[in-house]
Amino acid sequence: MVHHANFGRENPDGTKVGGHQASSSSIITLLTGLYFGALRSTDVVAVKAHGSPAFYACHYLRGNLDAAMLPRLREYGGLQAYPSRRKNREIVDLSTGSMGLGAVSATFGGWTTRYLVDHFGATGPERFIVMVGDAELDEGNVWEALQEETVQRLGNVLWIVDLNRQSLDRITPDARRHHITGMFRTAGWRVIELRWGSRLREHRALRERLERMPHAEYQSLLCLPPERVQELVGAPKELVADVGGHDLARVLEAFAEADRERDRPTVIIADTIKGWGLPFAGDPLNHGMLLTAAQLEQLRTSLGVPADDPLARFPADSPEGRLIASLPPLFRTPRPASRPRVEPPETLDSTYTGSMSTQEAFGRVLGALARLPVAERIVTVSADVAVTTHLAGWVNRRGVYYPEKRPDYFGDRGIAQAMQWRESPGGQHIELGIAEHNLFLLLTALGLADDISGEPLLALGTLYDPFVARGLDALLHALYSGARFIVAGTPSGVSLSPEGGAHQSVVTPSIGIALPHCTYYEPTFAQDTEWILLDGLRRIADGVGESLYLRLSTRPIDQSLRAPAVERSHVVQGAYRLVDRGRPEVTIWAAGVMVPEALEAGRLLEADRRAANIFAITSPDLLYRGYAGARKGGEASSYLERLVRDDEAAAPVVTVLDGHSHALGFIGGALGTIQLPLGVDDFGQSGTRADLYRHYGIDAESIARGARALLE
Ligand SMILES: Cc1ncc(C[n+]2csc(CCOP(=O)(O)OP(=O)(O)O)c2C)c(N)n1
Ligand SMILES: [Mg+2]
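Residues numbered from 1 in each chain as written. Chains lettered and ligands numbered in written order. Predicted model: local features only at pLDDT ≥ 70, side-chain atom pairs only at ≥ 80, totals over all residues.

## A look at the domain arrangement of the chain
Here is step 1 of the chain: Domain boundaries in the chain define domain 1 (2-10 + 18-195 + 243-277), domain 2 (354-559) and domain 3 (576-711).
Here is step 2 of the chain: The distance between the C-alpha centroids of domain 2 and domain 3 comes to 28 Å.
Here is step 3 of the chain: Between domain 2 and domain 3, the residue contacts involve 30 residues of the former and 28 residues of the latter.
Here is step 4 of the chain: Counting residues per element, the ones that place at least two in the side of domain 2 that touches domain 3 are α22 (508-514), β13 (518-521), α23 (526-541) and β15 (557-558).
Here is step 5 of the chain: In terms of residue count, α22 provides more of the side of domain 2 that touches domain 3 than any other element does, 5 residues in total.
Here is step 6 of the chain: Residues belonging to the side of domain 2 that touches domain 3 are distributed by class as follows: 11 nonpolar, 14 polar and 5 charged. (Domains from an automatic or database assignment. Contact = placed C-beta atoms within 7 Å. Helix = DSSP H or I, 4+ residues; strand = E, 2+ residues; numbered from the N terminus. Nonpolar A, V, L, I, M, F, W, Y, C, P; charged D, E, K, R; others polar.)

Below you can see the structure in the form of structure tokens.
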């Protein structure tokens, strides 16, 4: 497959194709043991991303992948370079690619299943099997996940570490093996070490000598001719290279052993050889190496692969063919028709008066949902900010999830607490340590529960908005994997005032617009927040919606500023008209908490007899996508353009948001007029709200001044 992709297929511009033959051969024995032995129909698998060719080959031999797909590795519409659930759904259970993320989201799949068992008596998947590279474990997010207390109890999780002592560039540090085993043990895992093959196990002195060697010395032996190895260590090279991860019988034993105890997670740490069986085995620079045609030909003959049909499957009447026929089928995701229906309400019939922030509104909506039957299917997650992101009402009503009931010393002893901490298998809030990667990777698993287990969940996560950037790679992984969930980034922007620049988010609106398969909203008013949330939940429940990113704030907003006749459809489509002064000289477009400043600027301009019409933007993302999509699709106009009247369209535009100005920088262009984009284009800092709005030029005065300058 890899050879064809690189040398067989037409490649007009000569771009490197690649395909990781060394990394694939490193896991081939482990995958053989798994796919032709240990795997059950109830198991899902996440495989080391760059070992994908070996993984595809196993599926092919199992009859699960069409032969026509094999020549299509890394081709447009073909087999993806790294396993992708979205794009090769028929074979890929769980997406991987960015080191460490797929492994952890798969592990959190084990957690999610445990939750589904406890809440709905779900039956599967039974095991989450994760194959990782040894250097992949350098990624800190792996250990952030393993520290979570619940993970230590997941008997449905099995990891296999492909310990080939190599990463991309180098031979791994000698202490790594010790660290890896120690870290797993400390985290409460059962560790099965598969260091040597059965032959070498008989040679104690040699084994001990090899174990004392630095990694580099051992790797050098793998690269020397057999005579030199014999000379240096007094043993045949074959024996020196007899590692456990390529001894199929030992691999099968390890899988059987892993199955014997199921009350905690297990890891099999298997020594392997990167490039096993290939001319560049053990070469420190073999990561990107490819076999030449002559080397491939030699490999073909040595394996007895027919020249006229190199992709032939094993004949049905061969021992291999019979074994394959006897294996249980591979995991299949449940059909949508068999899944329970979940119906979030259309409205909560709440009224929102006085002053309220969008963060408070978010908490109020969740609190109201907590009393309805749909609450059963809602699960919230926070990385140590549940109280400060307004989840207390929800948590008090629905409890905290833990796989076993634990005593609530504070509650039982009558110590009053604003947020009660009642932990039980029936709880519906999952609290994580401060690790935003864990937050998004757990949301990945919860957001795929419908797809993988046939049990829909409405998952909502909260975090401080600046830390969206901290977890961004994991958020991308979540969306890339096809998970659907809602995340509230709150509080956001410089409106957080005294908290200062380290906690104020500036770049997140741009992130919100750019994230694929996720709608970014930044509402101003409580009613809008409710409609957006309910609409998003309904769409996710119906399997048609994408994920939602709500950028919220703690700034109290006078709810009476909202025009009473706002239409729900406008709110969910991204913007609505707030003030109409007839034919305007300028239009002001404000998102989120900047609406009061825009309204005040409108009044200042009116005092100069300059009419300004004001629009409230609820989703910069939808406006941009609508506009760009309409242009690309050749449509006459987009929602944004239809929102303005002909007598408004040519008026200059001022936009303002509590975030980087460029997030709304497209509006003038979309309307075909000149624009002044206002926002926060530098890091934040401490100060009062008024100080900061003035400093960054987003106060009413600056908006009005900007509008006057535009008009002049
Ligand atoms: C987050 C991230 N950083 C960098 C890479 C590029 N990369 C791909 S494989 C690899 C080395 C992985 O080593 P290991 O996990 O030991 O697997 P092996 O190459 O030995 O099969 C690197 C750095 C990546 N895929 N993801
Ligand atoms: Mg490695």
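Structure's up, so let's keep going.
## Brief notes about the environment of P498
Here is step 1 of the chain: Within the secondary structure layout, P498 lies in the loop between β12 (486-489) and α22.
Here is step 2 of the chain: A tally of 12 C-beta atoms within 10 Å means that P498 is categorised as exposed. (Buried ≥ 20, exposed ≤ 12 C-beta atoms within 10 Å, placed from the backbone.)

## A word on the sheet that holds strand β18 (residues 612-617)
Here is step 1 of the chain: Pairing within the open sheet is mixed, and its 5 strands lie in the order β16-β18-β17-β19-β20. In this open sheet, the two strands that pair with only one neighbour each are β16 (575-579) and β20 (675-678). This sheet shows a mean twist of 20 degrees between the axes of neighbouring strands, independent of strand direction.
Here is step 2 of the chain: With 4 bridges joining them, strand β17 (residues 586-591) and strand β19 (residues 653-656) adopt parallel strand pairing. Each bridged residue has a counterpart across the sheet, and for I588 the counterpart in β19 is V654.
Here is step 3 of the chain: Contacts between helix α25 (residues 595-607) and the sheet are confined to β16, β17, β18 and β19, with β18 contributing the most and set at about 175 degrees to the helix. (Pairing = 2+ DSSP bridges. Axes fitted to C-alpha atoms, helices over the stretch in contact; angles between N-to-C directions.)

## Digging into the sheet that holds strand β1 (residues 43-46)
Here is step 1 of the chain: The parallel open sheet is built from 5 strands, whose spatial order is β1-β2-β3-β5-β4. Each edge of the open sheet carries a strand with a single partner, namely β1 and β4 (190-194). Strand-to-strand, the axes of this sheet are offset by a mean angle of 15 degrees, without reference to chain direction.
Here is step 2 of the chain: Across 4 bridges, the pairing between β1 and strand β2 (residues 127-133) is parallel. What sits directly across from V44, in β2, is F128.
Here is step 3 of the chain: Sitting on the sheet, helix α5 (residues 101-120) touches β1, β2 and β3 (157-163), and the angle it makes with β2 is about 165 degrees.

## A short note on the packing of helix α3 (residues 28-38) against helix α13 (residues 248-260)
Here is step 1 of the chain: In the contact formed by α3 and α13, the axes pass within 9 Å of each other and the chain directions differ by 60 degrees. Taken together, α3 and α13 sit at an angle that is classed as oblique. For the element pair α3 and α13, the recorded crossing hand is right-handed. Residue-level contacts link T29, L30, T32, G33, G37 and A38 of α3 to L248, V251, L252 and F255 of α13. (Parallel < 35°, antiparallel > 145°, perpendicular 65-115°, else oblique. Left-handed = near helix turned anticlockwise from the far one by under 90°.)

## With respect to helix α7 (residues 176-186)
Here is step 1 of the chain: Residues of α7 that are buried: R177, I180 and F184. Angularly, the buried residues of α7 cover 70 degrees about the axis, an arc narrow enough to put them on a single face. Of the exposed residues in α7, those oriented more than 90 degrees away from the buried face are H178, G182, R185 and T186.
Here is step 2 of the chain: Close packing links the buried residues of α7 with β3, β4 and β5 (266-271).
Here is step 3 of the chain: Once α7 finishes, G188 follows within two positions and takes phi at roughly 90 degrees, a positive value. (Arc of directions from axis to C-beta.)

## Some details on α5
Here is step 1 of the chain: Under the 1.5 Å per step criterion, the end-to-end length of α5 is 27 Å for 20 residues, consistent within 8% with the ideal 28 Å.
Here is step 2 of the chain: Taking burial as the measure, the 20 residues of α5 include 16 buried ones, the bulk of the element.
Here is step 3 of the chain: Within two residues after α5, G121 carries a phi angle of roughly 65 degrees, on the positive side. (Expected span 1.5 Å × (residues − 1).)

## Re the packing of α5 against helix α19 (residues 436-447)
Here is step 1 of the chain: Two elements in contact, α5 and α19, have axes separated by 8 Å at closest approach and are oriented at 55 degrees. For the element pair α5 / α19, the angle class is oblique. By crossing handedness, the relation of α5 to α19 is classed as right-handed. Contacts from L101, V104, S105, F108, G109, W111 and T112 of α5 reach α19 at L441, L442, T444, A445 and L446.

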